[in-house]
Amino acid sequence: MLLEYRIVLPDFPELKRRRSNLAQIGFINRAYSQGIIGLINRVPVFEGQELSIGDVDGVVRQSALERFGVEFTISTDAILAKGFGALNEAYSAAADDLHRQLSEFFFKKAHEAIDEVGNAIDAGGQPMSKDLFLDLFETPEWDFHDNEEPDLESVVIILGPRFFEYVSQNLPAWQSDAEFKNRWDSIVTRKREEWRARESHRRLAD
Amino acid sequence: MLERAIEDWLTKTVERNYLPAFCQVLIHQDHKVLYLSLHGQMERGKDLATIGPDGSYYAYQTKTGDINKASWRDIRGELQELIEFPIDHPSVDKRKRHRAYLVTNGTISEPVRLDITEMNEQNRRLRRKWAKLEVIDRFQLLAMFVEAQKKFFPRELPDMRAFLDLYLHNGRDLLPKQQLFSLLDATTFSMRPKKKSDALDALTGAVVLGSYLLGAFEKERNWFALIEGWCAIAVSIARFALRYQIKESQWKPSFDLVFSEVERNVMELRAEAAGRSHFLEVPVELDGDGLLRARTTIVLGLICWSEMRQSTGPAWQSDRGSAKQILQKHAANLIFWGESAFPFFFYVIRFLEADGEAQEAKRILCDLFVALVESNYKNRQGGFLPPYYDAEQVLGEQIPDQLRVPPPTPAGSSYIIGTLLDMLLRRGYDDVIKKSWRKYTHCQQYEFAPTNEWDLFAWRASIGNNLSSFPEPTATLPDLRAEAVRIMQGTELQRKFECLLGLYLMVCPFRATRSAVGYLDWSR
């Protein structure tokens, strides 16, 4: 197996190793660093094949590792025409495919978790509006900094492209609306109280 | 191939390096080791003394290289002691004559052989009750080692490559531990022993293989690599024994022999550290800062471990005063590079406590705990890389000379924060715990639990559970303390391999679980 082919022409294995390294870095960055997947802290699994994940409520879920993979081929003609660019193109497409698989898996798991705790919001077919937008901030837990200012990085709202565009266009106008601002402030106040209550629960008794 | 590889090693190595392999071959022949020189100090001309299967006493003096007339004159005095004085050991009947061997990895010239024959003849004629001097030269050693290894020589190409990588290693770098563990798994310990002799063959194969794989490191006097290497062999023996339920009487002599090599190299490392004004290594222009500090942490951790262990080896020499001096001199350079540094800090803390420096020990322990709590709080950035990343990997990440996939952001999770909490609880440092408790409860804790007990001694276990959990937000100090104290009792396995456990955690820091550290955190 080691000697699958015989080298008959001059070759550059070290440069190929470096190209391979470069392509793999690009692949991993593209697959794991974009979108919702890029926002999640990842902890590698170094050994074993099972996971027992305990959440903040102490509920432990058992699961096995799931395998994701992407197959791709690069034709000799593509290499002859584009060289290393052909490999990069193939890797980019494969990385997008893997990213899609990971995102779908994430949303599937997120839906299961949302269904389990019952905090889904049913818009009842209404179009996106400022009220509906604010509703999205009502259900998740918020974190606050030690100075009690909201830590908005802890609240991630995922919107589809159409809603995102709609919100991006309208948000500046909503933010100058007194009613919107009042409701936002009241959400912040309520979330701060909830956070205080949660944090005060983290107590160590003698 | 096998014969050539062993011959190549044998002709280039020194007696210190082939002595354990030779000793193991004797163990395989049912010899019981009475004495093994730990650091080149012979006991009246004897590097090694055994009782043979026939009940006779055997004494060996080992040498490096060819012995000709000139070198023969140089060693004559030592050999006179070898044959004249009985073995000095409590279980030896001094009235009974021993058999004496001169062992060398070179050849013995014909004139020297004639001198030896004449000397033996003269002693016999004069009715001196001295031992007859016999010789074991390179060819006999080679035959012994080839016989011990032939069943286990790597046959698959990847194993062969790993073998050559280690054998041809420059000897100056850190030991490629994964390769050594994998090679032992794939060769000597790859098969279930069907009979007693299979197990003994495997144990002998491991020690002989280890001797020549570590030869390059021996040549460079790379004590830390040798400590890790012999520890990896001891750990692999322990795993093999547990997995196949080998009787202790079969594996223990080999294990003890391997562990005596660990002890010898620790003593060499200590001597080296004591004689140094600084720990820089050549080329010093490229050394310093993180490299120096990581090296210092490793050395100080090992020295403190060596002082804290309950040694049973007769040749082991404790020197608390020297250890204290080295620690005081270099403590400012301690660095917590990542979670794999924890076992080294653990032993520094334990040593300081045992040495009456409880306040300094408390400061280090509390600083570590607070640093972990704060760096993991908020779950975004910071944190320390998991214990699966060694110092070289962590430091390598800070040198921007190569494109590589960055390691994951560890923030918000830790393998050792619970272990540190247990240490604080056991010491009653409640004020620090209370102050950090709220933030501590935000940190997700990880631990790996192998399915099979023997895989606690695996480099990586293929079967097992990755556990993760958050601390119970509301807890009571007495409950937490009771659990932290309970685990100090340890498990049967921890008790059985107590001598190995502390060092093993430094070699494989990802095995520093709450249970393992809890057991070691007990002043017995």
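As a reminder, the structure under discussion sits directly above these lines.
Residues numbered from 1 in each chain as written. Chains lettered and ligands numbered in written order. Predicted model: local features only at pLDDT ≥ 70, side-chain atom pairs only at ≥ 80, totals over all residues. Heavy atoms only, no water.

### Remarks on the environment of Gln393 of chain B
Residue and element names in this part refer to chain B.
- In this fold, Gln393 is placed in helix H16 (residues 391-397).
- With 55 residues separating them along the chain, Gln393 and Gly338 place their C-alpha atoms 9.9 Å apart.
- At 2.8 Å, the side chain of Gln393 forms a polar contact with the backbone nitrogen of Asp390. (Helix = DSSP H or I, 4+ residues; strand = E, 2+ residues; numbered from the N terminus. Polar contact = N/O pair within 3.5 Å; in protein donor to acceptor, adjacent residues only side chain to side chain.)

### Some remarks on the sheet that holds strand S2 (residues 48-51) of chain B
Residues and elements named next belong to chain B.
- If you trace the five strands from one edge of the open sheet to the other, you get S1-S2-S3-S4-S5, paired in mixed fashion. Bordering the open sheet on either side are strand S1 (32-36) and strand S5 (133-136), each of which pairs with just one other strand. Each adjacent strand pair in this sheet contributes to an overall mean axis angle of 25°, direction not counted.
- Pairing geometry for S2 and strand S3 (residues 57-63), over four bridges, is antiparallel. (Pairing = 2+ DSSP bridges. Axes fitted to C-alpha atoms, helices over the stretch in contact; angles between N-to-C directions.)

### Quick look at the sheet that holds strand S8 (residues 464-469) of chain B
- Strand order in the open sheet formed by five strands is S2(A)-S1(A)-S8(B)-S7(B)-S6(B), with mixed pairing between adjacent strands. Both edges of this open sheet fall to strand S2 (60-64) of chain A together with strand S6 (413-414) of chain B, since each of them pairs with a single strand only.
- As paired strands, S6 of chain B and strand S7 (residues 444-450) of chain B are joined by two bridges and run parallel to one another. Bridge pairing links Ser414 of chain B to Gln445 of chain B in S7 of chain B.

### Considerations on the packing of helix H8 (residues 196-213) of chain B against helix H10 (residues 223-243) of chain B
Residue and element names in this part refer to chain B.
- The interhelical angle for the contact between H8 and H10, taken along N-to-C directions, is 170°, at an axis separation of 10 Å. Considering the angle they form, H8 stands roughly antiparallel to H10. Like other packed secondary-structure pairs, H8 and H10 cross with a definite hand, here right-handed. Along the contact surface, H8 presents Ala199, Ala202, Leu203, Ala206, Val207, Gly210 and Ser211, while H10 presents Trp230, Ile233, Ile237 and Phe240. (Parallel < 35°, antiparallel > 145°, perpendicular 65-115°, else oblique. Left-handed = near helix turned anticlockwise from the far one by under 90°. Contact = heavy atoms within 4.5 Å.)

### So, the packing of aromatic side chains
Residue and element names in this part refer to chain B.
- Tallying each qualifying case throughout the model produces 44 aromatic pairs over all chains.
- Between Trp9 and Tyr212 the ring centres are 5.4 Å apart and the planes differ by 45°, which places this aromatic pair in the tilted class. Here the residue Trp9 occupies a position in helix H1 (residues 2-12), and Tyr212 occupies one in helix H8, the gap between them amounting to 203 residues.
- On the accessibility criterion, Trp9 (3% relative accessible area) is buried.
- Look at Trp337 and Phe344: their rings are 6.0 Å apart centre to centre, the planes differ by 50°, and that puts the pair in the tilted class. For the pair Trp337 and Phe344, one class covers both residues: buried.
- Above the plane of the ring of Phe85 lies Arg44, whose end atom (NZ or CZ) is 4.2 Å from the centre.
- Sitting over the ring of Tyr429, Lys362 keeps its end group 4.7 Å from the ring centre. (Phe/Tyr/Trp six-rings, centres within 6.5 Å; stacked < 30°, edge-to-face > 60°. Buried < 20%, exposed > 50% of the residue type's maximum accessible area, 1.4 Å probe, protein only. Lys NZ or Arg CZ within 6 Å of the ring centre and 35° of its normal.)

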